[in-house]
Amino acid sequence: MVLGDDADPCYARWMGHLDNGTWIPGWNVSSKSGRFERGSTSFRSRLGSKEHPVERDRYHLYVSYACPWAHRTLITRALRGLTEVLPVTVVDPRMGDDGWVMRDGDPDPVMGARCLHQLYTRADATYSGKVTVPVLWDKVAGTIVNNESREVMRMFDDELAALAPEPTPHLAPPALRADVDRVLDEIYEPINNGVYRAGFASTQEAYAEACGQVFAGLDHWEQVLGEQRYVTGAQLTEADIALFTTLLRFDLVYYAHFKCNLRRLQDYPNLWGFTRELYQHPAIRPTCDLDHIKTHYYWSQTSVNPHRLVPLGPTLPLDEPHGRDRR
């Protein structure tokens, strides 16, 4: 299992960080190699432990609609029937000098924080590192349980699902768990993280290496999805969700903004049909906010887009028939 998938998923190497509990605004410099390098997530506790028992009205989830790693947890929450059990706060898509901030007129209901970094220092007054989403917060203990999306997904699928009012299918059932974890590992570096390695590369060599790996990964999964409906077979799993949240953003953002432009996702019939199928799922669609996605990337990432111009397009035909039910 790859640990620390969202250590610096979307934001870790740029807008601001905490240093011994003090917020330091500004952009971080890239590595000397020109390659995008990430650290590790810091809060890795689990639900069901003595410190964080599974109880109603105890936990709160902080996310951004824009972030693919936070989006994973929103989808898992919806598919596992936890929308009435686990409240959510969605931060503003525009990330400036204060990092993630609460939306105007939508204050933090847990502790009245204005900025997400205030939750991190509430959890650890001397915390040093990046401030990322998702954040799973324990209201009773007054601390962060976990900020690693892959682990949060699994806890929603396992421990927290016991609180769901109606049973729904597991997204990492025991019989498929080894395959799910294998695919999560396989898609992480070339695709989930690969688009960031391409987009934030600062040398031609680093960019070309990462971009080539992105499309080699897409080529592989295009072939797999030509033979079966989902990435581990016939059942929708966590691995499909983790792939989907990157694919949804591909033509919208990564193709132009991150220069992953050898091919569009729409040029891959199976991957594009797969993306449309998941987008059209009645539980998943409400978690997809395309305006938030575009606004965040183009407005916030001034090292890539210094004038903060948000493009008018593209318009994605996500509602066209997907045809995946024939597999």
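So, how was this worked out
- Note on numbering: residues in each chain are counted from 1, in written sequence order.
- Selection of residues for local features in this predicted model requires a pLDDT of at least 70, selection of side-chain atom pairs for listing and counting requires 80 or more, and totals for whole chains, interfaces and linings are taken over all residues.
- Note that water and hydrogens are dropped before the side-chain values are worked out from all heavy atoms of the structure.
- Strand pairing is assigned whenever DSSP identifies at least 2 bridges connecting the two strands.
- Only DSSP runs of H or I with at least four residues qualify as helices, and only runs of E with at least two residues qualify as strands; both kinds are numbered from the N terminus onward.
- Every axis in this analysis is a line fitted to C-alpha atoms, fitted for helices over the stretch in contact. Angles between the N-to-C directions lie between 0 and 180 degrees.
- Burial classes: relative accessible area under 20% of the type maximum marks a residue as buried, over 50% as exposed, and values in between as partly exposed (1.4 Å probe, protein chains only).
- Throughout, a contact is declared for two residues whenever any of their heavy atoms are within 4.5 Å.
- Under the pairing criterion, centres of Phe, Tyr and Trp rings, with the six-membered ring standing for Trp, must be within 6.5 Å; the plane angle then separates stacked pairs below 30 degrees from edge-to-face pairs above 60, leaving the rest tilted.
- Either the NZ atom of lysine or the CZ atom of arginine qualifies as a charge over a ring when it sits within 6 Å of the ring centre and within 35 degrees of the ring normal.
- Every angle not falling under 35 degrees, over 145, or within 65 to 115 is termed oblique; those three ranges are roughly parallel, roughly antiparallel and roughly perpendicular.
- Two helices cross in a left-handed way if the nearer one is turned anticlockwise from the farther one by less than a right angle. They cross in a right-handed way if the turn is clockwise.
- Think of it as three bins: nonpolar holds Ala, Val, Leu, Ile, Met, Phe, Trp, Tyr, Cys and Pro, charged holds Asp, Glu, Lys and Arg, and polar takes everything else, Gly as well.
- Residues enter a nonpolar core if they are buried and are Ala, Val, Leu, Ile, Met, Phe, Trp, Tyr or Cys, with the set joined through side-chain atoms within 4.5 Å.
- Per-residue confidence from the prediction method is given by pLDDT, with values spanning 0 to 100.
- The term salt bridge refers to a side-chain nitrogen of Lys or Arg lying within 4 Å of a carboxyl oxygen of Asp or Glu.

Participant: Explain the sheet that holds strand β3 (residues 59-63) here, please?
Facilitator: Strands in a sheet are paired, the pairing made by backbone hydrogen bonds, and the direction either parallel or antiparallel. Strand order in the open sheet made by the four strands is β4-β3-β5-β6, with mixed pairing throughout. The open sheet is flanked by β4 (88-90) and β6 (143-146), the only strands paired with a single partner. Recorded for the sheet is a direction-independent mean angle of 30 degrees between the axes of neighbouring strands. With three bridges connecting them, strand β5 (residues 135-138) and β6 associate as antiparallel partners. Each bridged residue has a counterpart across the sheet, and for leucine 136 the counterpart in β6 is asparagine 146.

Participant: Can you walk me through the side chain of glutamate 277 in this structure?
Facilitator: Relative to the elements of secondary structure, glutamate 277 occurs in helix α9 (residues 269-280). We classify glutamate 277 as buried; its relative accessible area is 8%. Non-local contacts of glutamate 277, meaning those with residues more than four positions away in its chain, are made with Arg229, Tyr230, His322 and Arg324.

Participant: Looking at this model, I keep getting lost on the packing of aromatic side chains. Mind explaining?
Facilitator: The way to describe two aromatic rings as a pair is by their centre distance and the angle between their planes. In the structure shown here, the tally under the stated rule is 13 aromatic pairs. Between phenylalanine 250 and tyrosine 254, the ring centres sit 6.3 Å apart and the planes meet at 85 degrees, which makes this aromatic pair edge-to-face. Here the residue phenylalanine 250 and the residue tyrosine 254 both occupy positions in helix α8 (residues 250-257), the gap between them amounting to four residues, near one helical turn. Like phenylalanine 250, the residue tyrosine 254 is buried in the burial classification. Between tyrosine 254 and phenylalanine 258 the ring centres are 5.4 Å apart and the planes differ by 10 degrees, which places this aromatic pair in the stacked class. Residues tyrosine 254 and phenylalanine 258 agree in their burial class; the two are buried. The structure contains a cluster of three or more aromatic residues connected by ring pairs, namely Tyr196, Phe200, Phe215, Phe250, Tyr254, Phe258 and Tyr297. Across the ring face of tryptophan 299, the terminal group of arginine 308 is positioned such that the distance to the ring centre comes to 3.7 Å.

Participant: Hey, could you run me through the environment of tryptophan 299 in this one?
Facilitator: Considering the arrangement of structural elements, one finds tryptophan 299 in helix α10 (residues 290-300). Accessibility expressed as a relative area gives 22% for tryptophan 299, which makes it partly exposed. The residues contacting tryptophan 299, other than those within four sequence positions of it, are Arg94, Met95, Gly96, Lys294, Arg308 and Val310.

Participant: So what exactly am I meant to see when it comes to the side chain of histidine 292 here?
Facilitator: Mapped onto the elements, histidine 292 comes out in helix α10. Every residue in contact with histidine 292, bar those within four places of it in the chain, is listed here: Tyr65, Ala66, Val90, Val91, Pro93 and Arg103.

Participant: Please explain the packing of α8 against α10 as it appears in this structure.
Facilitator: For any two helices packed against each other, one specifies the crossing angle of their axes together with the interaxial distance. It is the contact of α8 with α10, at a shortest axis distance of 10 Å, that shows an interaxial angle of 15 degrees. One way to sum up the angle between α8 and α10 is to call them roughly parallel. In terms of crossing hand, the pair formed by α8 and α10 is right-handed. Only Leu290, Ile293, Lys294, Tyr297 and Tyr298 of α10 make contact with α8, whose side of the interface consists of Leu252, Val253, Tyr254, Ala256 and His257. For the contact of α8 with α10, the residue count by class is eight nonpolar, one polar and one charged.

Participant: What's the story with unusual backbone geometry in this structure? I'm lost.
Facilitator: If a residue is not glycine, its phi is most likely negative; likewise, a peptide bond is most likely trans. In this structure, proline 134 follows valine 133 across a cis peptide bond, with omega equal to 5 degrees. Mapped onto the fold, proline 134 is located in the loop between α2 (116-123) and β5. One non-glycine residue with positive phi stands out, namely asparagine 20, at about 55 degrees. Mapped onto the secondary structure, asparagine 20 falls in the loop between β1 (17-19) and β2 (22-24). Take asparagine 20: its relative accessible area is 48%, and that puts it in the partly exposed class. Unlike most non-glycine residues, lysine 259 shows phi in positive territory, near 60 degrees. Among the secondary structure elements, lysine 259 is positioned in the loop between α8 and α9.

Participant: Before we go on, may I ask you to explain the nonpolar core in this structure?
Facilitator: Most often, soluble globular proteins keep nonpolar side chains buried together rather than apart. Ranked by size, the top nonpolar core spans 95 residues in total, and within it Leu116, Tyr120, Leu136, Leu218, Phe244, Phe250 and Leu271 carry the most contacts. Broken down by element, this core gets its largest block of residues, nine residues, from helix α6 (residues 204-227). Contact partners of leucine 218, with chain neighbours within four places excluded, come to Ile191, Leu247, Phe250, Tyr268 and Leu271.

Participant: How should the confidence of the model for the protein be read in this particular structure?
Facilitator: Low-pLDDT stretches of the model should not have their predicted coordinates read in fine detail. With 91% of its residues at a pLDDT of 70 or more, the protein shows a mean pLDDT of 92. Here residues 7-13 scores under 50 on pLDDT; set against residues more than four positions off or in separate chains, the count is 38 contacts.

Participant: What is the right way to read the pattern of salt bridges from this model?
Facilitator: For side chains bearing opposite charge, pairing can occur when the charged atoms are close. Counted according to the given criterion, the structure contains 19 salt bridges. Arginine 182 is the salt-bridge partner of glutamate 186, the closest N and O atoms lying 3.3 Å from each other. With a gap of four residues between them, glutamate 186 and arginine 182 both fall in helix α4 (residues 177-192), about one helical turn apart. In this structure glutamate 186 comes out as partly exposed when scored by relative accessible area, which is 35%. According to the relative accessible area criterion, arginine 182 is partly exposed, its value standing at 37%. Linking arginine 263 and aspartate 219 is a salt bridge whose minimum nitrogen-to-oxygen distance equals 3.3 Å. Taken together, the residues span a long stretch of sequence, with arginine 263 in the loop between α8 and α9 and aspartate 219 in helix α6 at a distance of 44 residues. Taken together, the shared-partner salt bridges connect Arg150, Arg154, Asp181, Asp185 and Glu238 into one network.

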